[in-house]
Amino acid sequence: MSNILNELGVDEEDFVWQNLATCSGMENNLFFDTYEVDKNIAVNIDQACLSCPVISICYEQGVLNNEYGVWGGVYLVSGAVDKIRNSHKTKEVWNRLKKKHGI
């Protein structure tokens, strides 16, 4: 990541990955309480995450900080994958997420 930041003339100390996130400016509840209330919302959030340039950083931060909610396209509880809240995901979506996260 630092090579890209250097090329852009951005000091790594000043870099805030959240500023590059596709979800920046979106309603926060969509990634927490509202997620899974409506399958269409969950699918749309998944698609937004899959198109995000910082999806891997987001997921990593969610796991490392024992977060809950959608982090990198995966609903976490205490930093672990919540199978129930991710149950709408197809095998194809899981494969794409795994590829993005390098897992």
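Treat the numbers as computed from the prediction; the structure is a model and nothing was measured.

Criteria and thresholds
- Residues numbered from 1 in each chain as written.
- Predicted model: local features only at pLDDT ≥ 70, side-chain atom pairs only at ≥ 80, totals over all residues.
- Heavy atoms only, no water.
- Pairing = 2+ DSSP bridges.
- Helix = DSSP H or I, 4+ residues; strand = E, 2+ residues; numbered from the N terminus.
- Phe/Tyr/Trp six-rings, centres within 6.5 Å; stacked < 30°, edge-to-face > 60°.
- Buried < 20%, exposed > 50% of the residue type's maximum accessible area, 1.4 Å probe, protein only.
- Lys NZ or Arg CZ within 6 Å of the ring centre and 35° of its normal.
- Expected span 1.5 Å × (residues − 1).
- Contact = heavy atoms within 4.5 Å.
- Polar contact = N/O pair within 3.5 Å; in protein donor to acceptor, adjacent residues only side chain to side chain.

Looking at the pairing of strand β2 (residues 74–77)
Where strand β1 (residues 69–71) meets β2, three bridges bridge the pair, whose relative direction is antiparallel. Pairing of Trp71 across the sheet is with Val74, part of β2. Linking two consecutive strands that pair antiparallel, namely β1 and β2, is a turn of two residues; a positive phi of about 65 degrees is found at Gly72 within it. Two strands pair when backbone bridges link them, and β2 and strand β3 (residues 80–81) are joined in this way by two bridges, in the antiparallel orientation. Following the sheet pairing, Leu76 is matched in β3 by Val81. Counted along the chain from β2 to the antiparallel partner β3, the turn is two residues long, and its residue Ser78 has a positive phi close to 55 degrees.

Things to note about the packing of aromatic side chains
Under the criterion given, the structure shown has two aromatic pairs. Summarising the aromatic geometry, the rings of Tyr35 and Tyr75 are spaced 5.7 Å apart at their centres and angled 20 degrees between planes, so their arrangement reads as stacked. Note that Tyr35 is positioned in the loop between α1 (2–8) and α2 (39–50) and Tyr75 in strand β2, a separation of 40 residues in sequence. This pair shows no difference in class: Tyr35 is buried, exactly as Tyr75 is. Positioned above the aromatic ring of Trp94, the side-chain terminus of Lys89 is 5.7 Å from the ring centre.

Thoughts on unusual backbone geometry
In this structure, Glu36 is a non-glycine residue whose phi angle is positive, near 80 degrees. Topologically, Glu36 is positioned in the loop between α1 and α2. At Ser78, a position not held by glycine, the phi torsion is positive, near 55 degrees. Counting through the fold element by element, Ser78 comes out in the loop between β2 and β3.

Digging into the sheet that holds β2
Across the sheet, three strands lie side by side as β1-β2-β3; this open sheet has antiparallel pairing. Looking at the sheet topology across the chains shown, the edges are occupied by β1 and β3.

Regarding α2
The terminal C-alpha atoms of α2 lie 16 Å apart, and with 12 residues this matches the ideal 16 Å at 1.5 Å per residue to within 8%. All of the buried residues in α2 are Ala42, Ile45, Asp46, Ala48, Cys49 and Leu50. Buried-residue contacts for α2 involve α3 (55–64), β1 and α4 (91–101). Taking the backbone nitrogen of Asn40 as reference, a side-chain oxygen 2.8 Å away marks Asp38 as the first, capping residue of α2.

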